[in-house]
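# Structural features, examined
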Amino acid sequence: MNLFEVAHFVREKPMKLYILTVLHHIRDIKDPEHPYSLEELKVITEDAIEVDDNNSHVRVTFTPTVEHCSMATVIGLCLRVKLIRCLPPRYKVDIRVAPGTHATEAAVNKQLNDKERVAAALENPNLVDMVDECLAPSYA
Amino acid sequence: MNFAGDFDLKEKQILEGHTDRVWNLAWKPASGVDGIPAVLASCSGDKTVRIWEQSPATGSFQCKAVLDETHTRTVRSCAWSPSGKLLATASFDATTAIWEHVGGDYECVSTLEGHENEVKCVSWNASGSLLATCGRDKSVWIWEVLPGNEFDCVSVLQGHTQDVKMVQWHPSMDILFSCSYDNSIKIWAEDGDNDDWHCVQTLDESNSGHTSSVWALSFNSDGDKMVTCSDDLTLKIWGADIMNMQSGDGNAPWLHLCTLSGYHDRTIFSVHWSRDGIIASGAADDAIRLFVENKDGLVDGPTYQLLLKKDKAHNMDVNSVKWSSMENGRLASASDDGTIKIWELVSLPGHDKLPL
C-alpha cells in the first residue's frame, strides 16, 4: 500500500485504515494444512475485521475451509498470537468463527476466547511450533 | 456497615517485578496486624511466585523473595495455609508445590502430583487439615495434610464435564465449592467421616446459574452467602440457611438470591467479598468495581448496588482482586500488565480511611 492510498483513506475513511492495518498483520498467516495463506483461502477477508479504536477493540471472524475443520482452533490461535504481537497492548481481541460455518462453532469460539485455555495452549511446545510455522514469513 | 456518601479507590503502590502476567494474589493470614508486617504472595506466567512484605518504617511493599526454579510452567494460583506457615502454589505444569518459610528462605517441602494436566487452583480448608486442587482434567482432588509436610490424596472428585477453574472451601465448614468452564458450580461434602466425598449440589442454568464459564467465587464473612463471577458478564449472589447446614444435617441447599448484570461488558475473572461486606470484581476491561448491599431494600431478598468503578485500574486485564483480611479498605489487584497494585478505599470528602 503506497502513501497516496494511506493518505486517501485517512482523509476519507479512517475506519478502513484500521481494518486494512489489521488485515495487513493477518493476511499472510499460513493455513496449517494447506500451502496457502488465510487470505488466499478466503478464511480471512477485509469484511471479517471489525475495529473500534475508541474502545481498543478488534474482532476477527474467520471462515474455516470446511465445516468439520479440525484446525479451526489452531487458526484461531494463530490469529490471536499475531494480533497480540502486532497491536498495542491496550487492544482487546475477540476471535470467532463465522456463524454457521463450523459444526462445533460455540465450542470453538469458547475455547478461542478463554484466556486461561489460550495461555495453557501456548505453553504446549507442539502447538507453539505449529503456530510459529503458520506465522513464519514465506519468501516467494 | 453503611456505605453512604462517595468513595474512591486510591492507588497506593505499584509492585513491579514479574516478567509476565500476574494471575493471582494471596494475603498472608495474621499479617498486617499486631506489629507483624503485611505480606502478599503473587504468582505469574513467568513461572515464579513473589513474596512482598510491607516495610513498617515506610509503609511500602518490597519483594522479599522470588520462588523460582520449581514450577516449569505458569503458576496459576497461590494460597496460604490458615496459620500462614505454608504456601501452596498450583501450576500449569500439573503439580502443586508446598512451600515453607525456613530461616529467611522459602523452601519447597512437598510436590503434589496426580492431575493429568494444568492445575488451576488450590485452596486450604478453615482448619488447615485439608487441601483441594482442581484442573483442566475436570477433576477436583482433596488432600489430607499430615505431619512432616506429608500430603495424602483422599479423594478424586469427578462430575464437572469441563475444566475446573477454581476451588474454594467454605470459611467455617468442610464443604468444598468448585466452579467450571462447564458453566456450573458444584458443592462437595463428606458423607460421614470416611473420606467419601460426593457432589451434594450443582448450581447451573437450570437453577438460575451462569450461562458461561464460572471463573471465581467468594464467601461473605458469615459464610451464609457467596458471590460468583463469570464469562457471562454477571455476578451472582447465592445464599444458604447456615444454621441448617451446621446442625449436622448439612443438607441446606444454596439458592440464587440476586444477579448483577449490566455492570460488566467483558469477562469477570475475579471476585472477592471483604469482611466488611464490599464485593470487589476484576475484569477483562481493565477495571475494578466495588459493590455493596442495598440497605434500603424494599424488595424481597437482598439487592446490590455499584459503590464505585475504577476505570483503567491497570493497563490490561485485571486477573485477581483480594481484600486484605486484616486491614479494612485495603485491596490488592493483579494484571496481565505484569503489575500488582495496592489500593486504599477512602471516603470523600475528608479522605479519611474507613473506620475499623
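Residues numbered from 1 in each chain as written. Chains lettered and ligands numbered in written order. Predicted model: local features only at pLDDT ≥ 70, side-chain atom pairs only at ≥ 80, totals over all residues. Heavy atoms only, no water.

Looking at an unreviewed UniProt entry, one finds chain B named Probable cytosolic iron-sulfur protein assembly protein CIAO1 homolog and attributed to Forsythia ovata. UniProt, in the comment section headed Sequence similarities (unreviewed entry), describes chain B in these words: "Belongs to the WD repeat CIA1 family." A UniProt comment under Function (unreviewed entry) is attached to chain B, and it reads "Essential component of the cytosolic iron-sulfur (Fe/S) protein assembly machinery. Required for the maturation of extramitochondrial Fe/S proteins." (UniProt positions renumbered as here; feature names shortened; annotations may be inferred.)

An unreviewed UniProt entry lists chain A under the name MIP18 family protein, with Forsythia ovata given as the organism. Within the UniProt record for chain A, the comment given under Sequence similarities (unreviewed entry) is "Belongs to the MIP18 family."

### A short note on the packing of aromatic side chains
Residues and elements named next belong to chain B. Under the criterion given, the structure shown has 11 aromatic pairs over all chains. Where Trp-169 meets Trp-197, the ring centres are 5.6 Å apart and the plane angle is 75 degrees; that geometry is what we call edge-to-face. In this pair, Trp-169 is assigned in strand E14 (residues 164-169) and Trp-197 in strand E17 (residues 197-203), connecting sequence segments 28 residues apart. Residue classification places Trp-197 among the buried residues on the basis of a relative accessible area of 6%. (Phe/Tyr/Trp six-rings, centres within 6.5 Å; stacked < 30°, edge-to-face > 60°. Helix = DSSP H or I, 4+ residues; strand = E, 2+ residues; numbered from the N terminus. Buried < 20%, exposed > 50% of the residue type's maximum accessible area, 1.4 Å probe, protein only.)

### Describing the interface of chain A and chain B
Facing 16 residues of chain A, the contacting portion of chain B comprises 28 residues. Of the roughly 1,700 Å² buried between chain A and chain B on both sides combined, carbon and sulfur atoms contribute 43%. When the buried surface of chain A facing chain B is broken down by residue, Lys-92, Lys-115 and Glu-116 of chain A rank first, second and third, together holding 41% of it. If you look at where chain A meets chain B, you find 11 salt bridges. Residues Glu-116 of chain A and Arg-76 of chain B are paired through a salt bridge, measuring 2.5 Å at the closest nitrogen-oxygen approach. Counting every contact that joins chain A to chain B gives 18 residue pairs in polar contact (both at pLDDT 80 or more). Secondary structure elements with two or more residues in the side of chain A that touches chain B: strand E3 (92-97), helix H4 (105-112) and helix H5 (115-121) of chain A. Tallying contributions element by element places H5 of chain A first for the side of chain A that touches chain B, with five residues. Each residue belonging to the side of chain A that touches chain B can be placed in one class, and the counts come to five nonpolar, two polar and nine charged. (Contact = heavy atoms within 4.5 Å. Buried area = accessible area lost by both parts, 1.4 Å probe. Salt bridge = Lys/Arg side-chain N within 4 Å of Asp/Glu carboxyl O. Polar contact = N/O pair within 3.5 Å; in protein donor to acceptor, adjacent residues only side chain to side chain. Nonpolar A, V, L, I, M, F, W, Y, C, P; charged D, E, K, R; others polar.)

### Regarding H4 of chain A
Residue and element names in this part refer to chain A. Three or more residues of H4 are buried, namely Val-108, Asn-109 and Leu-112. Taken down its axis, H4 places every buried residue within 95 degrees of arc, on the same side. Considering only its buried residues, H4 is in contact with strand E2 (57-62), helix H3 (72-86), E3 and H5. (Arc of directions from axis to C-beta.)

### Remarks on the sheet that holds strand E3 (residues 39-44) of chain B
Residue and element names in this part refer to chain B. Taken in spatial order, the four strands line up as E2-E3-E4-E5 in an open sheet, and their pairing is antiparallel. Two strands in the sheet have a free side with no partner beyond their single neighbour: strand E2 (22-27) and strand E5 (61-67). If you compare each strand with its neighbour and ignore which way they point, the axes differ by 25 degrees on average. Relative to strand E4 (residues 49-54), E3 runs antiparallel, the two sharing five bridges. Bridge pairing in E4 places Leu-40 opposite Trp-52. (Pairing = 2+ DSSP bridges. Axes fitted to C-alpha atoms, helices over the stretch in contact; angles between N-to-C directions.)

### Considering the sheet that holds E14 of chain B
Residue and element names in this part refer to chain B. The strand order E14-E15-E16-E17 describes an open sheet built from four strands, whose pairing is antiparallel. Two strands bound the open sheet, and with one partner strand each, they are E14 and E17. Along the sheet, successive strands turn relative to each other by an average axial angle of 25 degrees, direction set aside.

### Considering the pairing of strand E8 (residues 96-102) of chain B
Each regular strand displays side chains that alternate between the two surfaces of the sheet. All names here are of chain B. By the bridge criterion, five bridges tie strand E7 (residues 86-91) to E8 in an arrangement that is antiparallel. Opposite Leu-86, over in E8, you have Glu-100 as the bridge partner. Following E7, the chain reverses through four residues before pairing antiparallel with E8; Ala-94 in that reversal takes a positive phi of roughly 75 degrees. Alignment of E8 against strand E9 (residues 105-112), held across seven bridges, turns out to be antiparallel. Opposite His-101, over in E9, you have Tyr-106 as the bridge partner. The hairpin turn running from E8 into E9, its antiparallel successor, is two residues long, and Gly-103 in that turn takes a positive phi close to 50 degrees.

### Observations concerning the environment of Glu-69 of chain B
Looking at where Glu-69 of chain B falls in the secondary structure, it is placed in the loop between E5 and strand E6 (75-80). For the pair Glu-69 of chain B and Glu-53 of chain B, spaced 16 residues apart in sequence, the C-alpha to C-alpha distance is 21 Å.

### Structural notes on a negative patch on the surface
Residue and element names in this part refer to chain B. The grouping of Glu-144, Glu-150, Asp-152, Asp-191, Asp-193, Asp-195 and Asp-196 at the surface amounts to a negative patch. By secondary structure assignment, the location of Asp-196 is in the loop between strand E16 (185-190) and E17. Here Asp-196 falls in the partly exposed class, since its relative accessible area comes to 34%. (Patch = residues over 30% accessible without salt bridge, like charges linked within 9 Å, V, L, I, M, F, W, Y side chains within 5 Å. Areas by Shrake-Rupley, 256 points an atom, 1.4 Å probe, with all protein chains shown as cover. Lys, Arg positive; Asp, Glu negative; His and termini not counted. Charge placed at Lys NZ, Arg CZ, Asp CG, Glu CD.)

### Observations concerning the UniProt feature "repeat: WD" (unreviewed entry) in chain B
The residues that UniProt annotates with the feature "repeat: WD" (unreviewed entry) are residues 15-53, 68-100, 112-145, 157-188, 207-238 and 311-345 of chain B. Secondary structure within residues 112-145 of chain B divides into 0% helix and 56% strand; the distance between the first and last C-alpha atoms comes to 11 Å.

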